[in-house]
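# Coordinate analysis (summary)
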Amino acid sequence: MHFRAAPLIVLIAATSACGAGSGPVTTDAPTPFSASSTSTQEGFTTAECPGIVGGKRVILKLDVPKEFEPESIEPSDQTPDGQCTWRTSEERFFSVEIGEKESLADLNDELKEYEDIGGDDEVKDVTYDAPTDTFGDLEGERLSWWSYSDGVPADCVHVQANGIRVFWQNPDDIDQRLDDLDVVLDSIELIRS
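Note that the coordinates shown come from a computational prediction; the quantities given were computed from them, not determined experimentally. (Residues numbered from 1 in each chain as written. Predicted model: local features only at pLDDT ≥ 70, side-chain atom pairs only at ≥ 80, totals over all residues. Heavy atoms only, no water.)

Per the counting criterion, the structure on display carries 9 salt bridges. In this structure, Glu-67 engages Arg-177 in a salt bridge whose closest nitrogen and oxygen atoms are separated by 3.0 Å. One end of the pair, Glu-67, is in the loop between strand S2 (56-65) and strand S3 (69-73); the other, Arg-177, is in the loop between strand S9 (164-171) and helix H3 (178-187), with 110 residues separating them in the sequence. One salt bridge connects Arg-177 with Asp-180, and the closest N-O pair in it is separated by 2.7 Å. With a relative accessible area of 12%, Asp-180 lands in the buried category. Three or more residues joined by partner-sharing salt bridges are found here, namely Glu-67, Arg-92, Arg-177 and Asp-180. (Salt bridge = Lys/Arg side-chain N within 4 Å of Asp/Glu carboxyl O. Helix = DSSP H or I, 4+ residues; strand = E, 2+ residues; numbered from the N terminus. Buried < 20%, exposed > 50% of the residue type's maximum accessible area, 1.4 Å probe, protein only.)

Following this line, the structure appears as structure tokens:
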């Protein structure tokens, strides 16, 4: 199955509104969990993403494909609990966010409003799955779609569980490499510092 996705502009617009979806209950207080896989595969490097949960520091560890460079690795005003992002020179992009409160079902509902509208901001192939395997042997949500926004077609996947959201975005003309995403997901673990 080929997953299609949307660029960040639609993502930001869609995640800023409050939806009325009926997805799984989410939490902004993630609890520590172990990774599904403890060995770093060839072509990947281990990275850390610091965050704050319940006023206490936590570290999200994960393996990142070596061609991705860190763009931001710290809490910010927009993501006070913690968010880290990586990007390649080809504009492949992914991020992890700690303390996400909104269900992906809400974002799914919002994306459906743009499905097959034609032109800029169009999305296609919106696929939502829950409950589904995510990372750290946790069940959660997965949402994928394709979008054409500001002249940039892109494929995206969101995976979320335990208050942690992973976003994977690929320009449409570059192989999505979902096997790389699977390695990243298998490596994610949250520990207290």
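Further notes follow.
This part covers the sheet that holds S2. A sheet is described by the order of its strands in space; here 3 strands give the open sequence S1-S2-S10, paired in antiparallel fashion. Two strands lie at the open edges of the sheet, namely strand S1 (44-53) and strand S10 (189-192), each paired on one side alone. Across this sheet, the average inter-strand angle for adjacent strands is 25°, counted without regard to direction. With 4 bridges connecting them, S2 and S10 associate as antiparallel partners. Residue pairing across strands places Val-58 opposite Arg-192, the latter belonging to S10. Sitting on the sheet, H3 is in contact with S1, S2 and S10, with an inclination near 150° to S2. (Pairing = 2+ DSSP bridges. Axes fitted to C-alpha atoms, helices over the stretch in contact; angles between N-to-C directions. Contact = heavy atoms within 4.5 Å.)

Turning to the side chain of Glu-141, a few remarks are in order. Within the fold, Glu-141 resides in strand S7 (residues 139-149). Salt bridges are absent for the buried Glu-141, whose nearest opposite-charge side chain, Arg-165, sits at 6.3 Å. Within the local environment of Glu-141, its side chain forms a polar contact with the side chain of Ser-103, the two groups lying 2.6 Å apart. (Lys, Arg positive; Asp, Glu negative; His and termini not counted. Polar contact = N/O pair within 3.5 Å; in protein donor to acceptor, adjacent residues only side chain to side chain.)

It is worth spelling out the environment of Phe-33 at this point. Along the chain, the position of Phe-33 falls in the loop between helix H1 (8-16) and S1. Since its relative accessible area comes to 10%, Phe-33 is described here as buried. Linking Phe-33 and Phe-135, residues 102 residues apart in sequence, is a C-alpha distance of 9.3 Å. Leaving out residues up to four positions away in the same chain, Phe-33 has contacts with Phe-135, Gly-136, Leu-138, Asn-162, Ile-164, Ile-188, Glu-189 and Leu-190.

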